[in-house]
Amino acid sequence: MIAVRNIRLCTKDCLCLFVCPTGATNTDNGQIDPDRCLAACRACVDACPSGAISKVPLNYPPQQPKLPGTLQAMNQLLDSRLAQERAADAMLAQAQTAIQRQFAQAMKMSLRVVAEDVLRESGYMLPQGQPARAFLNSLLDSPQPAGFPREAVERLLALLG
Amino acid sequence: MSVYICTVCGYDYDEAAGDPRHGIPPGTRWEDVPADWVCPVCGADKSMFENQGGKAETPAPAPMAAPAGQAAPQQGADAKRLSATASNLARAVQKQHRAGMADLFTQLADFFDGQSSPAGDWQTAADLLKEDLAGRYPAAFAAARADGDRGALRALNWGEKVGKIQANLLKRYNKEGDAAFEGSAFFVCEACGFIFVGEQAPEICPVCKVPRFKFARVGRGASA
Ligand code: SF4
Ligand code: SF4
Ligand SMILES: [Fe+2]
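Residues numbered from 1 in each chain as written. Chains lettered and ligands numbered in written order. Predicted model: local features only at pLDDT ≥ 70, side-chain atom pairs only at ≥ 80, totals over all residues. Heavy atoms only, no water.

Colleague: Can you walk me through the overall build of chain B in this structure?
Modeller: When helices and strands are tallied, chain B shows 4 helices and 6 strands. When the elements of chain B are put in sequence order from the N terminus, they spell out β-β-β-α-α-α-α-β-β-β. By the burial criterion, 47% of the 224 residues in chain B qualify as buried. (Helix = DSSP H or I, 4+ residues; strand = E, 2+ residues; numbered from the N terminus. Buried < 20%, exposed > 50% of the residue type's maximum accessible area, 1.4 Å probe, protein only.)

Colleague: In this structure, what is going on with the site of ligand 1? I would like to understand it.
Modeller: In the neighbourhood of ligand 1, the contacting residues comprise Arg5, Cys10, Thr11, Lys12, Asp13, Cys14, Leu15, Cys16, Cys48, Pro49, Ser50 and Ile53 of chain A. In terms of residue class, the shell around ligand 1 is built from 7 nonpolar, 2 polar and 3 charged. (Near = heavy atom within 4 Å. Nonpolar A, V, L, I, M, F, W, Y, C, P; charged D, E, K, R; others polar.)

Colleague: What exactly am I supposed to notice about the site of ligand 2 here?
Modeller: Residue and element names in this part refer to chain A. Taken together, 13 residues surround ligand 2, and among them Cys20, Cys37, Leu38, Cys41 and Cys44 come closest. Applying the majority rule of atoms within 2 Å of the grid points places ligand 2 in the largest cavity. Of the residues contributing to the shell around ligand 2, the split by class is 10 nonpolar, 1 polar and 2 charged. (1 Å grid on protein atoms, 1.4 Å probe; cavity = no way out; pocket = protein on both sides within 12 Å on 5 of 7 lines; lining within 4 Å. Sits in = over half its atoms within 2 Å of the grid points.)

Colleague: Would you explain the interface of chain B and chain A in this entry?
Modeller: Many descriptions give the size of an interface as the accessible area lost when the pieces come together. Listed per partner, the contact involves 88 residues of chain B and 76 residues of chain A. Counting the surface chain B buries against chain A, the share from its top three residues, Lys80, Arg81 and Trp122 of chain B, is 10%. Summed over the shared surface of chain B and chain A, the result is 9 salt bridges. Between Asp117 of chain A and Arg154 of chain B there is a salt bridge whose closest N-O contact spans 2.8 Å. Where chain B meets chain A, there are 28 residue pairs in polar contact (both at pLDDT 80 or more). Among the secondary structure elements, those contributing two or more residues to the side of chain B that touches chain A are helix 1 (77-95), helix 2 (99-115), helix 3 (122-147), helix 4 (150-176), strand 4 (185-189) and strand 6 (215-218) of chain B. When residues of the side of chain B that touches chain A are assigned to their parent elements, the largest contribution, 15 residues, is made by helix 1 of chain B. Residue composition of the side of chain B that touches chain A, by class: 47 nonpolar, 25 polar and 16 charged. (Contact = heavy atoms within 4.5 Å. Buried area = accessible area lost by both parts, 1.4 Å probe. Salt bridge = Lys/Arg side-chain N within 4 Å of Asp/Glu carboxyl O. Polar contact = N/O pair within 3.5 Å; in protein donor to acceptor, adjacent residues only side chain to side chain.)

Colleague: Mind showing me how you'd approach the coordination of the iron ion (ligand 3) here?
Modeller: Ideal geometry at a metal centre: 109.5 degrees between donors when four sit tetrahedrally, and 90 or 180 degrees when six sit octahedrally. Residue and element names in this part refer to chain B. Looking at the iron ion (ligand 3), one finds its protein donor set to be Cys189 (SG), Cys192 (SG), Cys205 (SG) and Cys208 (SG), positioned 2.2 to 2.3 Å from the metal centre. In this structure, the iron ion (ligand 3) is surrounded by 4 donor atoms whose angles at the metal cover 102 to 116°, and the resulting shape is tetrahedral. Written as a sequence motif, the donor residues of the iron ion (ligand 3) are C-x2-C-x12-C-x2-C. Of this pair, Cys192 sits in the loop between strand 4 and strand 5 (195-198) while Cys205 sits in the loop between strand 5 and strand 6; the two residues are 13 residues apart in sequence, bridging distant segments of the chain. Per residue, the accessibility class of Cys192 equals that of Cys205, and both read buried. (Donors = N, O, S within 2.8 Å, 3.2 Å for Na, K, Ca; no water. Tetrahedral: all angles 85-135°; square planar, octahedral: opposite > 155°, others 65-115°.)

Colleague: What exactly am I supposed to notice about empty space enclosed by the protein here?
Modeller: In this approach, a probe sized like a water molecule rolls over the atoms, and the result shows the empty space that is left. Evaluated as defined, the whole model comprises 3 cavities of 30 Å³ or more. Estimated volume of the largest cavity: approximately 100 Å³. Of the residues assigned to the lining of the largest cavity, the class counts are 10 nonpolar, 2 polar and 3 charged. (Points joined across faces, edges and corners; volume = space filled by probe spheres on them.)

Right, dumping it as structure tokens:
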């Protein structure tokens, strides 16, 4: 487990700095240094007056397996929702007024959130899960268009361990 | 006097109480509420309301089987799917406070979004959405219920409600054009995708109940 700080809740009281035995909470970027945080410690979590720090696991259990019936139905929804997003892309490209542009952009954002949510419940809840790894590996194993950020995928696989 | 419930956000229209703040006096029967009245909480139109304890005047169509086969694999569809898979994983690592990984997944998502080709127009989107609401959502609900998949049911619940709002907005836009949204801004809930049209995002999302700060405002000068 490592400590993470929700910057939105942090009120900069700095009690976490005072209690941390290793100085892990003292960083410039507002985050807690995962390399210095001790697995068994939770001093800053309890000391923070704003409830801004929690300990999150480094390893997660696998997502509940998805059954074929649900997966297939979710898949059909995903295809349809993404086809709608492509329509929004086309409307965005053609937009002439500010309202047309904003409406297309709002629809695109909204459709993407819905599509992501379908994917999340189709086995892609966690990047640490098998489906996410298989997704990244399949990108490396198949031919990709020019400009494909291969190093990004390789780094992700390395970071996921 | 009866009560009609908004199927998107759960707001009650009580005929006895009316909606005086929006010009509907107490005692106004449902059929006398003007067709352009919308839910004061989430903006859904009258067709999204159901009579409490029964269906509204328009019975929902019987769920048709989801269209068989793949939805015409056009060029660029695969790239969209890869993009959405990557952007979803970007959100997942963000929740785990791993900013570095989030940037990498976002880079991947943007790359594939650029590879997908735009296709269709608002009519295409409205037609597909209509099929979703009539067929694909009911079919997916049935499958998820049969599998006891609570996560999928949660996502379907949000997605269907958001779909109703999207369908409403497309309908309004089709009818009135830009005038439909004159003087308003668009706010999109980053958790469920709900779109609010107005001056200020609601205090909590009518669909998924996250607080206001999770709404993204689509800016005036926004560009592609
Ligand atoms: S103790 Fe909590 S509120 Fe104070 S600086 Fe640390 S995280 Fe922020
Ligand atoms: S959990 Fe302990 S070691 Fe880790 S940051 Fe908090 S106080 Fe420091
Ligand atoms: Fe929401």
